[in-house]
Amino acid sequence: MGVERRARTSRKTSRKNSSTKKKPRGNRSARFPILEFDKSSTAVIEPRAIIKPRDVPQHCVLCFFQDVIEEVCREGTVVAASKSELVTHPMYEIDFAGRRLAVMHPGVGAPVSAAIMEEAIAYGARNFVACGGAGVLKTIAVGHLLVPTAAVRDDGTSYHYLPPGHEAVPTPRALAAIREVLLARGVPFIEGKTWTTDAIYRETRAKVERRRKEGCITVEMEAAAFFAVAKFRGVEFGQILYAGDDLSGEWDHRDWNKHQIREELFRLAAEACLKL
């Protein structure tokens, strides 16, 4: 009886050990394609392979304000363009304070903006400052300037330029140039993290609260991708935003896209860009 009991106990222990043994989790990137980062510097379609460099300004402002572009580029010259099935994004050259400056609208959303920035780099631009608006995640007056010091990567595009990670950052020189200009001009601004997301209709209350706890003060759709492209291509990039709609409580549009700060913001971005 003693031998039989020991045999039964042994079989039970064996089955228990077998059932509790952890199974291999496998390759995480194989389960989530967005994490399949490839560090290869060459893609099947390289911008420089299909775009010939041109005599364009090395300093470029990526401006999200079409109304401002139409005004400040009225006397400008189209020196290049990024084309798609939907629209053409011309690169203008203007004279700003006696210096050459390129101006482009980068489109809306990380994939489009990253592609347009890639093409601007292929044409010959090397120093970038973007200006646009952003939703705020805390009480900030509409029109107040905001300078992203990092972007939480809740987009998809940045993961094709940088290994998986929580944040992407602007280049130090561009961030310093922006600070220098805003301080010299006496323009109040707030620095902090921004939340880059691809889905404006999936900014849930739980996600907003999570991002706020992480230190995000704004939400937008491009910063993380811009920062990632700049890092990957070895160019300078920084961004200035202004406080637009308010997501800190019940959503408030605040007529943010009609604010008078837009042209002034462009000029501050241009001045910072030309310091690079």
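You'll find the structure just up there.
Remember, it's a predicted structure, so these values are computed and weren't measured experimentally. (Residues numbered from 1 in each chain as written. Predicted model: local features only at pLDDT ≥ 70, side-chain atom pairs only at ≥ 80, totals over all residues. Heavy atoms only, no water.)

> What's the story with the overall build of the protein chain in this structure? I'm lost.
Scanning the protein chain for helices and strands turns up 9 helices and 10 strands. Expressed as a percentage of the 276 residues in the protein chain, the buried residues total 46%. In the protein chain, 76% of the contacts between residues at least 6 apart in sequence involve partners at least 24 apart. Of the roughly 15,000 Å² that the protein chain leaves accessible, carbon and sulfur atoms contribute 52%. (Helix = DSSP H or I, 4+ residues; strand = E, 2+ residues; numbered from the N terminus. Buried < 20%, exposed > 50% of the residue type's maximum accessible area, 1.4 Å probe, protein only. Contact = heavy atoms within 4.5 Å. Areas by Shrake-Rupley, 256 points an atom, 1.4 Å probe, with all protein chains shown as cover.)

> Explanation requested: the nonpolar core in the structure shown.
Within the largest apolar cluster, 70 residues are counted, with the highest numbers of intra-cluster contacts made by Leu101, Met117, Phe128 and Phe266. Discounting residues that sit within four places of it in the chain, Leu101 has contacts with Pro57, His59, Cys60, Val61, Tyr92, Glu93, Ile94, Phe96, Phe266, Ala270, Cys273 and Leu274. (Core = buried A, V, L, I, M, F, W, Y, C linked by side-chain atoms within 4.5 Å.)

> Can you walk me through a nonpolar patch on the surface in this structure?
On the surface, a cluster of nonpolar side chains totalling about 400 Å² of accessible area is made up of Val44, Ile45 and Ile50. Overall, the relative accessible area of 87% leaves Val44 in the exposed class. (Patch = residues over 30% accessible without salt bridge, like charges linked within 9 Å, V, L, I, M, F, W, Y side chains within 5 Å. Salt bridge = Lys/Arg side-chain N within 4 Å of Asp/Glu carboxyl O.)

> Any chance you could explain the side chain of Arg262 here in plain terms?
With respect to the secondary-structure elements, Arg262 resides in helix H9 (residues 261-273). At a separation of 3.1 Å, a polar atom in the side chain of Arg262 contacts the side chain of Tyr242. (Polar contact = N/O pair within 3.5 Å; in protein donor to acceptor, adjacent residues only side chain to side chain.)

> Sorry if this is basic, but what is going on with the pattern of salt bridges here?
When their charged atoms lie close together, side chains carrying opposite charge are able to pair. Taken as a whole and judged by the stated rule, the model has 15 salt bridges. Notably, a salt bridge pairs Asp55 with Arg100, separated by 3.2 Å at the nearest N-O pair. Placement of Asp55 in the loop between helix H3 (47-50) and strand S1 (59-63) and of Arg100 in strand S4 (residues 99-104) is noted, with a sequence separation of 45 residues between them. Arg100 gets classed as partly exposed once you look at its relative accessible area, which sits at 37%. Put simply, Glu209 and Arg212 hold a salt bridge, and the shortest N to O gap is 3.6 Å. With a gap of 3 residues between them, Glu209 and Arg212 both fall in helix H7 (residues 205-213), about one helical turn apart. With a relative accessible area of 30%, Glu209 lands in the partly exposed category. Here Arg212 falls in the partly exposed class, since its relative accessible area comes to 33%. Among the charged side chains, a salt-bridge network with shared partners connects Glu46, Glu118 and Arg233.

> Any chance you could explain helix H8 (residues 223-233) here in plain terms?
Residues spaced three or four apart along an α-helix face the same direction, because each turn holds 3.6 residues. Summarising burial for H8: 8 of the 11 residues are buried, a large majority. Within H8, burial applies to Ala223, Ala224, Ala225, Phe226, Phe227, Ala228, Val229 and Ala230. Of the residues one or two after H8, Gly234 is the one with positive phi, at around 70 degrees.

> How should I be thinking about the environment of Leu175 in this particular structure?
With respect to the element layout, Leu175 can be found in helix H6 (residues 172-185). On the basis of relative accessible area, Leu175 is assigned to the buried category, the value being 11%. Distance from Leu175 to Thr149, taken between C-alpha atoms, is 7.5 Å for residues 26 residues apart in sequence. Among all residues touching Leu175, those that are not within four sequence positions of it are Val147, Pro148, Thr149 and Pro170.

> Looking at this structure, how should I read unusual backbone geometry?
Among all residues save glycine, negative phi is the norm, and among peptide bonds the norm is trans. Positive phi, close to 55 degrees, is recorded for Ala97, a residue that is not glycine. Looking at the secondary structure, you find Ala97 in the loop between strand S3 (88-96) and S4. Here Asp255, not a glycine, exhibits a phi torsion of approximately 50 degrees, which is positive. Residue placement: Asp255 occurs in the loop between strand S10 (236-246) and H9.

> Help me out: how do you make sense of the packing of aromatic side chains in this one?
Pairs of aromatic rings are described using the distance from one ring centre to the other and the angle between the two planes. Applying the stated criterion across every chain yields a total of 6 aromatic pairs. Here the aromatic rings of Tyr161 and Phe232 are separated by 5.5 Å at their centres, their planes lie at 80 degrees, and the arrangement is edge-to-face. Residue Tyr161 is located in the loop between strand S6 (145-154) and strand S7 (167-168), and its partner Phe232 is located in helix H8; the two are separated by 71 residues in the primary sequence. Using a relative accessible area of 15% as the deciding quantity, one classes Tyr161 as buried. Among the aromatic residues, ring-to-ring pairing joins Phe64, Phe226, Phe227 and Phe237 into one connected group. (Phe/Tyr/Trp six-rings, centres within 6.5 Å; stacked < 30°, edge-to-face > 60°.)

> What is the right way to look at helix H5 (residues 110-123) in this model?
Compared with an ideal rise of 1.5 Å per residue, which puts 14 residues at 20 Å, H5 spans 20 Å between its outermost C-alpha atoms and is within 8% of the ideal. Counted residue by residue, H5 has 10 buried out of 14 residues, so it is predominantly covered. Taken residue by residue, H5 has Ala110, Ser113, Ala114, Ile116, Met117, Glu118, Ala120, Ile121, Ala122 and Tyr123 as its buried positions. Phi turns positive, to about 135 degrees, at Gly124, one or two residues after H5. (Expected span 1.5 Å × (residues − 1).)

Treat this as a map of the structure, not an account of what it does.
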